[in-house]
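Spelled out, the chains give:
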Amino acid sequence: MTDIDQIDRQILRVLSRDGRISNLALAEQVGLSPSACLRRVSALERSGVIAGYRAVLSPEKTGIGFVAYVTVGLSQHTKPAQEAFERAISRSPEVRECHNITGSVEYLLRVEAADLAAYKHFHTEVLGVLPQVNAITSYVVMGSPKDERA
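Residues numbered from 1 in each chain as written. Predicted model: local features only at pLDDT ≥ 70, side-chain atom pairs only at ≥ 80, totals over all residues. Heavy atoms only, no water.

As recorded in an unreviewed UniProt entry, the protein goes by the name AsnC family transcriptional regulator, listed as coming from Marivita geojedonensis.

In C-alpha cells, the structure reads:
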C-alpha cells in the first residue's frame, strides 16, 4: 500500500476532475513547484495509484440516448456459470460496466444504448438468451445529478 498524504490527495482530486491539466496549473492548484508536482504525479503513476487516464465522452454526441442499470440473477451459483456469463458480457459493447455483487442477484450492469428499441434488442436477443441468466431487472436512468465516473 502506498502512503498517500494530503498533497497527494489534492493532486488526485484535481486530476480526477481534469486529467489533461498541465503540470504547471496542477502545481499552482496544489501549492507545489512544477518539478515537485511532476515527481509526485510520476510516483503516483509508478505505484499504480494512478492507473491511467480516460476521456469523458458525451453520450449525446456518441449516439447514446438510453442508459439503464440492470441486475442479473443466474440460474446456477457455480464458478463455471459465472465465468460463462462474464465471457458473454465482455463481448457486449452495450455493457459499459459489469459488477459481481452480493445480495439476491449476482451482477449489476450499466448498459448504454442508442434508444429504447436498441436496449430492448440487447435485453431480449443478447442478455435474455444467455443460458446462465435466470432473472433480469432493469432500472432506467432518467437523469444523473451527480456522475463522477471518468
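A. Highlighting the layout of surface pockets. Empty space within the largest pocket amounts to approximately 710 Å³. Mapped by element, the contributors of at least two residues to the lining of the largest pocket are β1 (66-74), β2 (95-100) and β3 (107-113). Considered class by class, the residues forming the lining of the largest pocket number 10 nonpolar, 4 polar and 9 charged. (1 Å grid on protein atoms, 1.4 Å probe; cavity = no way out; pocket = protein on both sides within 12 Å on 5 of 7 lines; lining within 4 Å. Points joined across faces, edges and corners; volume = space filled by probe spheres on them. Helix = DSSP H or I, 4+ residues; strand = E, 2+ residues; numbered from the N terminus. Nonpolar A, V, L, I, M, F, W, Y, C, P; charged D, E, K, R; others polar.)

B. Quick look at the nonpolar core. Counting 18 residues, the largest nonpolar core has Val-70, Val-72, Phe-85, Leu-109, Tyr-119 and Leu-127 as its most contacted members. When contributions to this core are tallied by element, the ones reaching two or more residues are β1, α4 (79-90), β3 and α5 (116-127). Residue contributions to this core peak at 5 residues, all from β1. Setting aside residues up to four positions removed in sequence, Val-72 forms contacts with Phe-85, Val-105, Glu-106, Tyr-107, Leu-109, Leu-127, Val-133 and Ala-135. Judged by nonpolar contacts, the second largest core, of 11 residues, contains Ile-11, Ala-27, Val-30 and Leu-44. (Core = buried A, V, L, I, M, F, W, Y, C linked by side-chain atoms within 4.5 Å. Buried < 20%, exposed > 50% of the residue type's maximum accessible area, 1.4 Å probe, protein only. Contact = heavy atoms within 4.5 Å.)

C. Geometry of the domain arrangement of the protein. According to the domain assignment, the protein consists of domain 1 (6-47) and domain 2 (59-140). Computed over C-alpha atoms, the centres of domain 1 and domain 2 are 37 Å apart. (Domains from an automatic or database assignment.)

D. Main features of the packing of aromatic side chains. Enumeration according to the criterion identifies 3 aromatic pairs in this entry. With a centroid separation of 4.6 Å and 40° between ring planes, the pair formed by Phe-85 and Tyr-107 is classed as tilted. With Phe-85 in helix α4 and Tyr-107 in strand β3, this pair connects stretches of sequence that are 22 residues apart. A connected cluster of aromatic rings, assembled from ring pairs, spans Phe-66, Tyr-119 and Phe-122. (Phe/Tyr/Trp six-rings, centres within 6.5 Å; stacked < 30°, edge-to-face > 60°.)

E. Structural context of the sheet that holds strand β4 (residues 133-140). In spatial order, the strands read β2-β3-β1-β4; together these 4 strands make up an open sheet with antiparallel pairing. Either end of the sheet is taken by a strand with one partner, and the two such strands are β2 and β4. Adjacent strand axes in the sheet meet at a mean angle of 20°, parallel and antiparallel pairs treated alike. Bridging between β1 and β3 involves 7 bridges; their strand directions are antiparallel. Looking across to β3, one finds that Tyr-69 is bridged to Arg-110. Here α4 sits on the sheet in contact with β1, β2, β3 and β4, set at roughly 15° to β3. α5 rests against β1, β2, β3 and β4 of the sheet, and its axis sits at about 15° to β1. (Pairing = 2+ DSSP bridges. Axes fitted to C-alpha atoms, helices over the stretch in contact; angles between N-to-C directions.)

F. The arrangement of the environment of Glu-112 in detail. By the element assignment, Glu-112 lies in strand β3. Here Glu-112 is in contact with Ile-64, Phe-66, Val-67, Glu-94 and Arg-96, once residues within four sequence places are set aside. Polar side-chain contacts of Glu-112 include one of 3.3 Å to the side chain of Arg-110. (Polar contact = N/O pair within 3.5 Å; in protein donor to acceptor, adjacent residues only side chain to side chain.)

G. Highlighting the pairing of β3. Taken across its 7 residues, β3 has 6 buried, putting it largely inside the fold. Alignment of β2 against β3, held across 5 bridges, turns out to be antiparallel. If you follow Cys-98 over to β3, its bridge partner there is Leu-109. If you look at the hairpin formed by β2 and β3, you'll find 6 residues sitting between the two strands, and Gly-103 has a positive phi there, around 120°.

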